[in-house]
Amino acid sequence: MNDLSLFLPCAAGVEDLLASEVHALTGAQGRDLLSHRGGLRVRASWRDALRLNLHSRLAQRVLVQLAHAPYRSERDLYELASGVPWEHWFTPRQSFKIELTAQHSPLQSLNFAALKIKDAVADRFRARAGGVRPDVDTRHPDVRIHAHLTTDTATLYIDTSGEPLFKRGWRVDKGDAPLKETLAAAMLAACGWWHPEAAAAADPGDAGGCAAGVPLYDPCCGSGTIVIEAAQIACGIAAGSQRRFAFEKMLPFQPHVWQGLQDEARAAEHAPRAPVFGSDVAHRMVDFAQRNAERARVAHAVQLRGGDALQRMPPCEAPGVLLLNPPYGERIAVAGVAGARAGGIAGAGAGAGAGAGAHVPRFGAREAAHTDDGGAFFERLASHWKHHYPGWTAWLLTPDLKLPARMRLKESRRVPLWNGPLECRLFRFDLVRGAVRARPAAAGEPAVDAPAAPPPAAPPSA
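Residues numbered from 1 in each chain as written. Predicted model: local features only at pLDDT ≥ 70, side-chain atom pairs only at ≥ 80, totals over all residues. Heavy atoms only, no water.

A. Summary view of the overall build of the chain. What the chain contains, in helices and strands, is 11 helices and 15 strands. For the chain, the residues scored as buried account for 54% of the 462 residues in total. The contacts of the chain with a sequence gap of at least 6 include a subset with a gap of at least 24, amounting to 79%. (Helix = DSSP H or I, 4+ residues; strand = E, 2+ residues; numbered from the N terminus. Buried < 20%, exposed > 50% of the residue type's maximum accessible area, 1.4 Å probe, protein only. Contact = heavy atoms within 4.5 Å.)

Spelled out as C-alpha cells, the structure:
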C-alpha cells in the first residue's frame, strides 16, 4: 500500500494546475507525477490517496490502478478482472458497480464488456469465499470499479472517492445549472488568486495558498460556488472536510490514520486571510448562498448582498479581482432592473423597457428573462466596470469567444477551460477608468490561447 499507481481525472485544461496541487500534497515529481489529457498519474501511498481525497480541489476522483493489459475480446477482459485480488479491497457482504468508459474500442457492446467484468469479480469471490459473492448496486454501491478501454488496452481501477469530489458536502441549495466546485477552484487558480502549489505549505505565516489580502468579488454569485470555494481557501479549510468517502468502507482503511489526517487538516484552519464578496440580482439566490456558506463553515468569511451587477459599487476600497461565471446561452439574463430598463433584456413576462411598462420578476431577471447572447447587458457591464472599478482585474468565464468584442474590451489573457462538454474561455480584463489596456504577457505566458483540445473520453468520469 506504499507504492500505488493513482489516477486523478480532471476537467480538460486543468492538468497543469492539478499537477501543482498534487506535488504540494504528496511531494511527487518527475516520473512519479505524469500529466495526461484529462487527468494525472501519480505514484503514491495509500495515506497519500486519503490525503488527496481530503484536500484536492481540482481532481474529480482518486482512483487506484489495479490492472492494465492488452485485450482483443470480452474474454480477455474477464481474465484481466479475474486476476485482480478484489478480496483485498472489499468483502462479499458489500455491493459494487462497474463503470466503463471507452475510447475507440473495437468491441461491439460496452454493456456486454461491463457485464463480463462484473462476472469475473463475482466468480472470483465465489471461488474464494465459499460460494458467496457481493451484490451489484447500480445506484448506491459501496465500491465502484472503473474500467477504461482504448483501442487495444484495458485498465481497471478501484474508486477511493465514491461520489465525485466536486460534491463537497455543503451545497444543498442551488439554482439552475450550478457551477461545479472543481471548476470554481480551477478558475481561482487560473486567475492567480489561489496558488495550488502552496496547498500543503507548512509555514504558519503562509496565506493558505490564496493571494493574501487581495479582495475577491463575484457580482453574479448565484448559489455561491465561487465565493464559498474562495472563502474556504482563505480560511485553510480542506475541500473534503464535510463529506464521506468510499475508502472508509474498504479493507485497507485504518480509522486512526484517517482521524490523524482530519485532525491535521482541522488544526491548519485559520481566520480568513483575504476578503471575499458576492452579490446577485436574485435575492433568493443570495439566500441560497448564505445557507450554503453556513454549511461550509465560512459564513463569517464571505460577505453576501443582493443587487444588480450593473449598479453594485466596489465592495471595498482596495482594488481586487472580479471573478464570475455569468449565466449564458438562453438564460444569460443577469442584468436585473438596470439591464431591463436599459432594454438589455427581453423575455417572457417582461416588457421591452421601462417606458413600455417593463415588469421585473419578483426574484430578479435571472429567473425569467431570456436573450440570445446578452450582448447589451455585457456592454453595459463593461462600461460600469470602467467607470467604477479602475485598478481591478476582471476574469469572466464564457463559451462565447467573441465576448470581448461584444463588451468592447481587449482581453489581456484567455485561458481555455471546459465546463463539462462545453468549451469555454476565462478572459482577463485589466480595468482602468474609461478604458481597458492590455497587460503585456509575462515571460512564457501567451496573450491568447492555443486551440483547446476537446475533452477526452477520460478513463473514469465524474
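B. Helix H3 (residues 74–82), seen in detail. If you check which residues of H3 are buried, you get Glu-74, Leu-77, Tyr-78, Leu-80 and Ala-81. The arc enclosing the buried residues of H3, seen along the axis, measures out at 165°, which places them on a common side. Packed against the buried residues of H3 are strand E4 (63–70), helix H4 (110–128), strand E6 (143–149) and strand E7 (153–159). (Arc of directions from axis to C-beta.)

C. Molecular detail of the packing of H3 against H4. Running from N to C, H3 and H4 cross one another at 35°; their axes reach a closest spacing of 8 Å. Our pair here, H3 against H4, has a crossing hand that is right-handed. Where H3 abuts H4, its residues Glu-74, Leu-77, Tyr-78, Ala-81 and Ser-82 lie against Phe-112, Ala-113, Lys-116, Ile-117, Asp-119, Ala-120, Asp-123 and Arg-124. Of the residues that constitute the contact of H3 with H4, the class distribution is seven nonpolar, one polar and five charged. (Axes fitted to C-alpha atoms, helices over the stretch in contact; angles between N-to-C directions. Left-handed = near helix turned anticlockwise from the far one by under 90°. Nonpolar A, V, L, I, M, F, W, Y, C, P; charged D, E, K, R; others polar.)

D. Fine view of the confidence of the model for the chain. Averaged over all residues, the pLDDT of the chain equals 85, while 80% of them reach at least 70. Confidence drops under a pLDDT of 50 for residues 441–448, and excluding neighbours within four residues, the segment shows nine contacts in the predicted structure. (pLDDT = per-residue confidence, 0-100.)

E. Here's a closer look at unusual backbone geometry. Positive phi outside glycine occurs at His-104, with the angle close to 60°. Along the polypeptide, His-104 turns up in the loop between strand E5 (96–102) and H4. Within the chain, Arg-297 stands out as a residue other than glycine whose phi angle is a positive 65°. With respect to the helices and strands, Arg-297 occurs in the loop between helix H8 (283–295) and strand E10 (302–306).

F. Here's a closer look at the nonpolar core. In terms of nonpolar packing, the biggest core is built from 104 residues, with Leu-6, Phe-90, Trp-193 and Leu-323 touching the most fellow members. When neighbours within four sequence positions are excluded, Phe-90 is seen to be in contact with Phe-96, Val-121, Phe-125, Pro-134, Val-143, Ile-145, Ile-158 and Leu-251. In this structure, Phe-377, Leu-381, Ala-394 and Met-407 belong to the second largest nonpolar core, which totals 22 residues. (Core = buried A, V, L, I, M, F, W, Y, C linked by side-chain atoms within 4.5 Å.)

G. A look at the packing of aromatic side chains. In the structure shown here, the tally under the stated rule is 11 aromatic pairs. Pairing Phe-90 with Phe-125 gives two aromatic rings, centres 5.1 Å apart and planes at 50°, and the pair type is tilted. Highlighted residues: Phe-90 in the loop between H3 and E5 and Phe-125 in helix H4, separated in sequence by 35 residues. Taking relative accessible area as the criterion, Phe-125 reaches 3% and is therefore assigned buried. Aromatic pair Tyr-389 and Trp-392: ring centres 5.4 Å apart, planes at 80°, arrangement edge-to-face. The class of Trp-392 is buried, set by a relative accessible area of 3%. Put simply, the rings of Phe-245, Phe-247, Phe-253 and Trp-258 touch in pairs and so form one group of aromatic residues. (Phe/Tyr/Trp six-rings, centres within 6.5 Å; stacked < 30°, edge-to-face > 60°.)

H. Highlighting the environment of Arg-43. Relative to the elements of secondary structure, Arg-43 occurs in strand E3 (residues 39–44). The class of Arg-43 is partly exposed, set by a relative accessible area of 37%. Taking C-alpha positions, Arg-43 is 8.5 Å from Arg-31, a pair spaced 12 residues apart along the chain. When sequence neighbours within four positions are dropped, the list of residues in contact with Arg-43 reads Asp-3, Leu-4, Ser-5, Ala-28 and Asp-32. Looking at Arg-43, its side chain comes within polar contact range of the side chain of Asp-3, at 3.0 Å. (Polar contact = N/O pair within 3.5 Å; in protein donor to acceptor, adjacent residues only side chain to side chain.)

I. Summary view of the pairing of strand E11 (residues 321–324). Judged by which residues are buried, E11 turns out to be covered on both faces: Val-321 and Leu-323 on one side and Leu-322 and Leu-324 on the other are all buried. The sheet contact formed by strand E8 (residues 216–218) and E11 spans two bridges and is parallel. Across the sheet, Tyr-217 pairs through a bridge with Leu-322, a residue of E11. As paired elements, E11 and strand E12 (residues 393–398) share four bridges and run parallel to each other. Its bridge partner being in E12, Leu-322 is matched across the sheet by Ala-394. (Pairing = 2+ DSSP bridges.)

J. Geometry of the packing of helix H5 (residues 181–190) against helix H6 (residues 225–235). Following both chains from N to C, one finds H5 and H6 inclined at 65°, their axes separated by 9 Å at the closest point. For the element pair H5 / H6, the angle class is roughly perpendicular. As H5 packs across H6, the resulting crossing turns out to be right-handed. On H6, the residues touching Glu-181, Ala-184, Ala-185, Met-187 and Leu-188 of H5 are Thr-225, Ile-226, Glu-229, Ala-230 and Ile-233. Looking at the contact of H5 with H6, its residues break down into seven nonpolar, one polar and two charged. (Parallel < 35°, antiparallel > 145°, perpendicular 65-115°, else oblique.)

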